[in-house]
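Fold and geometry: a report
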Amino acid sequence: MFTYTKRKDGRLMKRVSVNGKLETIYSDNPKELQNKYIELKHLSNKGMIAEDNGINVEQWATKWFETYKSDKEQATKNMYSSVIKSYIIPELGGIKLKNLRESDITSMLNKLKDKHRQKEILLLTISQILDKAVDNDLIYKNVAKKVDLKKHKSVEKKPLTNLEISYLKQVSEKDPRCFMLLFMLYTGIRREEVAPLLYKDINLDNKTVCINKAVHWEKNKPNIKSTKNGETRYVPILDIIFSTISNMKSEHQDKDLIFPAVKSKDIMSEESIRRLLEHTLFQINKLYKQDQLLLHGMSNQKEIEIKTIKFTYHQLRHTYVCMLHKAEIPIKEAQYLTGHKTLNVLLNIYTHLDNEDKQNASNKLNNLLNS
């Protein structure tokens, strides 16, 4: 007969001898308590009970970060540090590792509600922390692996439209500062890669730009680092931007930055990068509204509804990938040109675009047969 003690707070308690020491297990119902007792005795008999020495989640998370993440890039360290300090320590820090349950982690994640990306990062982090706790014999299993996040449909990334590209070209011709975004559109490079580009990285004979460094912004200040995948790549300079970049290079020294900060001529701060996008979008929308008013023969924009053109830096890069697909560039070559560490992202984009092409073909056939 399975016996246990009922506490004053209503919880059920059972004392178990493990490795010569008395351990206490708790539950709210007899069946669960008995299952815990059987599992604990089974693990004890197999010598699988970990000695955690009373360490709690905060202590181990801190040690894990210092031991296993200290050699990572600053951006990666900042991400893990922020997750630990903002979520894991406040929600789970005081719980002993051996007492941590799947329900504790689920409860923590539920507080983020619809912040799906933050949930994914948080679960990834706590799972890594517990994996290493298992490896170090502090616990015998990773309870985070039981947590199952509900799948959600990500917001579809859209490439720039022909209209948006047309206006980006126009403002780039009128305002040299805006040219950086056009350059990014037709090279597919990241904002952290365009910021430290030097004229010596441009090879006019081969019509290529060498991407061999990037920056990480720490408190808005740029620090040089390696590229995201740690490799150097050579991206073609397309004819559509070649003459402009050629003229720019002829007016500068090789060690000059191609797109420096306006006032200091140093590498742009993260804030400067953000403001440049805002400035370019302002110029685009100013020109677009003027054209729309002229088109409709009106002087008051309130009389007509004029949409606002808006896009992100990442959409420039996404548009470049879509261009590669339309040009039938093989996916492995696209991976090299864009500097993706794995094929996963590109596969998703290429597959999506292939499906769109199939649907367009289907619609064209249906229209032909129904006409």
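Figured I'd write up the structure that's included with this text. The structure presented is a predicted model; accordingly, all values stated were derived computationally and were not measured. (Residues numbered from 1 in each chain as written. Predicted model: local features only at pLDDT ≥ 70, side-chain atom pairs only at ≥ 80, totals over all residues. Heavy atoms only, no water.)

Turning our attention to the sheet that holds strand β5 (residues 208-211). Whenever strands of a sheet pair, they do so through backbone hydrogen bonds, lying parallel or antiparallel. Spatially, β4-β5-β8 is the arrangement adopted by the three strands of the open sheet, whose pairing is antiparallel. Looking at the sheet topology across the chains shown, the edges are occupied by β4 (202-203) and β8 (233-236). By the bridge criterion, four bridges tie β5 to β8 in an arrangement that is antiparallel. Looking across to β8, one finds that Thr208 is bridged to Pro236. (Pairing = 2+ DSSP bridges. Helix = DSSP H or I, 4+ residues; strand = E, 2+ residues; numbered from the N terminus.)

Side chains of β5 alternate between two faces, with Thr208 and Cys210 and Val209 and Ile211 buried alike. Summarising the sheet, β4 and β5 pair through two bridges and their orientation is antiparallel. Considered in β5, the bridge of Asn203 is made with Thr208. In sequence, β4 turns back onto β5 through a hairpin of four residues, with Lys207 there showing a positive phi of about 55°. (Buried < 20%, exposed > 50% of the residue type's maximum accessible area, 1.4 Å probe, protein only.)

Moving on to the environment of Met108. Here Met108 is to be found in helix α4 (residues 102-110). With relative accessibility at 3%, the residue Met108 sits in the buried group. For Met108 and Glu91, which are 17 residues apart along the polypeptide, the C-alpha to C-alpha distance reads 6.3 Å. Residues within four places of Met108 in sequence aside, it is in contact with Tyr87, Ile88, Glu91, Leu92 and Leu122. (Contact = heavy atoms within 4.5 Å.)

This part covers helix α12 (residues 331-338). Among the residues of α12, Ala334, Gln335, Leu337 and Thr338 are the ones counted as buried. Burial along α12 is one-sided: seen end-on, the buried residues are contained in an arc of 165°. Count one or two residues on from α12 and you reach Gly339, which has phi positive near 75°. (Arc of directions from axis to C-beta.)

Bringing helix α10 (residues 270-296) into the picture now. Taking 1.5 Å per residue as the helical rise, α10 with its 27 residues ought to reach 39 Å, and the 39 Å between its terminal C-alpha atoms agrees with that figure. For α10, the full list of buried residues reads Ile273, Leu276, Leu277, His279, Thr280, Leu281, Ile284, Asn285, Leu287, Tyr288, Gln292 and Leu293. In the core, the buried residues of α10 are packed alongside α6 (162-174), α7 (179-185), α8 (191-194), β6 (214-218) and α11 (313-326). Directly after α10, the chain includes Gly297, whose backbone phi takes a positive value near 65°. (Expected span 1.5 Å × (residues − 1).)

To continue, consider unusual backbone geometry. In this model, Lys207 sits at a positive phi of 55°, which is unusual for a non-glycine residue. Take Lys207: it is sitting in the loop between β4 and β5. Located in the positive-phi region is Lys219, a residue other than glycine, with phi close to 55°. Among the structural elements, Lys219 can be located in the loop between β6 and β7 (221-225).

We now examine the packing of aromatic side chains. Tallied over the entire structure, the rule returns seven aromatic pairs. Ring geometry for Phe2 against Tyr4: centres 6.1 Å apart, planes inclined by 40°, an arrangement best described as tilted. Seen from their ring centres, Phe183 and Phe259 are 5.4 Å apart, and the 55° between their planes marks the pair as tilted. With Phe183 in helix α7 and Phe259 in the loop between α9 (239-250) and α10, this residue pair connects regions lying 76 residues apart in the sequence. Judged by its relative accessible area of 7%, Phe259 falls in the buried class. Three or more aromatic residues link up through ring pairs in this structure, and these residues are Phe2, Tyr4 and Tyr37. Positioned over the ring face of Phe2 is Lys14, at 5.1 Å from the centre of the ring. Looking at Lys14, its charged tip hangs above the ring of Tyr37, at a distance of 5.3 Å from the centre. (Phe/Tyr/Trp six-rings, centres within 6.5 Å; stacked < 30°, edge-to-face > 60°. Lys NZ or Arg CZ within 6 Å of the ring centre and 35° of its normal.)

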